[in-house]
Structure formats: C-alpha cells, structure tokens
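Chains, contacts and geometry: an overview
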Amino acid sequence: MSGNWKMNHDHLTAIRTVQALGFAVSAKDYRVVDVSLHPPFTAIRSVQTVLESDEMPISLGAQDCHFEDKGAFTGEVSAAMLAKLHVKYVIVGHSERRMYFGESNEVVRAKLEAVLRNHMVPIVCVGETLDEREEGATSERLSAQVTAAISGLAEESVSQLVLAYEPIWAIGTGLSASVEDATQACGLIRSLVAELSGEGASRAVRIQYGGSVNPQNTAEMLAAAGIDGVLVGGASLEAASFAAIISAAAGSSDA
Ligand code: PGA
C-alpha cells in the first residue's frame, strides 16, 4: 500500500509526519503490509534519512520521474537519481500527470521503462474519467492504457509491476468506487495482463485500488478478490489516518 503525498509537505513537515507514523504504526502491522511513502522530490532525502535512521520498514517512493537518465531537461528528475536515494517505487502515469501535464500513453511507457532500467518498481496508474464511465467506455480506456504500458515487455518485468486502478472521478472527491466496480475493473486489468504477458505475470502483478481511500473503506476494498493494495492520496498526509489505513490493511490481507 502506498501513500502519495502529491504537492504537500515541505521537508520539515515531512520529517514530522514520518516520525509520527513511526509511533503510530505497530511493528506487527508492518510485518504483513508492504508500505511505501511518496513525498515530493524536495522531501525525499529527508524522509529517507528518517526511515533509515529509525529503521522503519517503509519503502521510499517517488511520484514521477523523467524517462531519460540524464541530459538537458531543465527542472526534471531522472529515475537514475531517484535510485541513488534508495527509492524503491515510482508512480508513473498518475491521472494528474496525464491531465495537467499532458502525459501520453507513450510518455508513461517511456517512464515505466526508465524505472525498470534503474531497478525500481513502477506503480502504473490507469483509470477512466466520469464521462468515459457514463458512456460505457471504461473497459476500452483501461485496455488502451494497460496495452500501451506493458505490451512487448518481458514477462519478468511485467511480473514485478504494481498497477493502480484509479478512476479519475474518485480521486480527491470523497466518492470512492464501489467495491463491485473496483473489483470488476481490477479483474479486467488482470485479464489484460494475462492476455498480453501470460498467466504467470497476471498472478504475480500487484493491483491497487486508488481514489478516496480512507480508514473506513480500506478493509472492504482489500477483502475483495483481486485487489492487492491501495494507493492513498489525501488520507496519507496525516500520520494518524495513514496509520489507521495500514492497520486496517494488516487486519484484512497482504497489501
Ligand atoms: P485520494 O488520491 O486518495 O486523495 O483520492 C488518490 C490518488 O490520487 O492517488
């Protein structure tokens, strides 16, 4: 399960939040849940220092990266640079990147390859808009995004991926998808992986649900067949609510 802080927390509030999380999460919850935190770039180094010095079993994550390892790309941060900071998971293709920064499926694919090339795990986000859902175009949209992300990749690479189903209308709105809709979409994503990369990859890949996840709806999402974890935005910003989500996840399944 992953906490995406988006453009929130400077390095000082980030340190305080991670320290508070250290007190709020019990050691037994960490043992059953794989947790990653995705601070903004400016706070990654500070969060890394706290996680390593306090020996907290939380993986460091990033929210994005550039697809080249270095070069004349003013303002950008490469996957190679993130790997040097011991980042393990990198979100690629978040709907906010696709929507506000014009990221195409091709760019998302190039970023995914950059993350794999640098020995980290991509968390690839896919999801439909409200209009697409209402027009009955959800499957088509998911299929186009998943195909662009993984077709032609080696089965071993696909097996390592985390795919996040994030319906755009559920992000930051307080309107989570129903368990049935999330289960159906995650099932479709898994069957696309089976078709494109084989049964082995479809079993190995981890699929998260994201969109208005909170301490109350985490357990029911994770109890659903085929939903392996959650990608949390707003509710990961405060240590108490993120700790409650981790503990709900630890009580229900591997997340
Ligand atoms: P939210 O964001 O939990 O605030 O809805 C989820 C996300 O964008 O990953």
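See the structure above.
Residues numbered from 1 in each chain as written. Predicted model: local features only at pLDDT ≥ 70, side-chain atom pairs only at ≥ 80, totals over all residues. Heavy atoms only, no water.

The next thing to look at is the packing of aromatic side chains. Under the criterion given, the structure shown has 1 aromatic pair. Centre to centre, the rings of Tyr165 and Tyr209 are 6.3 Å apart; their planes meet at 55°, and the pair counts as tilted. With a gap of 44 residues between them, Tyr165 in strand β6 (residues 162-165) and Tyr209 in strand β7 (residues 206-210) connect regions that are remote in the sequence. The ring of Phe101 is capped by Arg97, whose NZ or CZ atom sits 4.0 Å from the centre of that ring. (Phe/Tyr/Trp six-rings, centres within 6.5 Å; stacked < 30°, edge-to-face > 60°. Helix = DSSP H or I, 4+ residues; strand = E, 2+ residues; numbered from the N terminus. Lys NZ or Arg CZ within 6 Å of the ring centre and 35° of its normal.)

Take unusual backbone geometry next. For Lys6, which is not glycine, the phi torsion reads 50° and is therefore positive. Within the secondary structure, Lys6 sits in the loop between β1 (2-4) and α1 (11-24). Overall, the relative accessible area of 21% leaves Lys6 in the partly exposed class. The residue His86 is not glycine, and still its phi comes out positive at about 70°. (Buried < 20%, exposed > 50% of the residue type's maximum accessible area, 1.4 Å probe, protein only.)

All right, on to helix α10 (residues 179-197) then. With 19 residues, α10 should reach 27 Å at 1.5 Å per residue; the first-to-last C-alpha distance of 26 Å fits that figure. Residues of α10 that are buried include every one of Val179, Ala182, Ala185, Cys186, Ile189, Arg190, Leu192, Val193, Ala194 and Ser197, and no others. With its phi angle positive at about 100°, Gly198 sits one or two positions after the end of α10. (Expected span 1.5 Å × (residues − 1).)

Adjacent strands of a sheet pair through backbone hydrogen bonds, lying either parallel or antiparallel. Judged by pairing direction, the barrel is parallel, and its 8 strands sit side by side in the order β1-β2-β3-β4-β5-β6-β7-β8 before closing back on the first. When the angles between neighbouring strand axes are averaged without regard to direction, this sheet yields 25°. Examined bridge by bridge, strand β4 (residues 89-92) and strand β5 (residues 121-126) share 4 bridges and lie parallel to one another. For Val92, the partnering residue across the bridge sits in β5 and is Val124. Taken strand by strand, helix α6 (residues 105-117) contacts β4 and β5, and its axis lies near 160° from that of β5. (Pairing = 2+ DSSP bridges. Axes fitted to C-alpha atoms, helices over the stretch in contact; angles between N-to-C directions. Contact = heavy atoms within 4.5 Å.)

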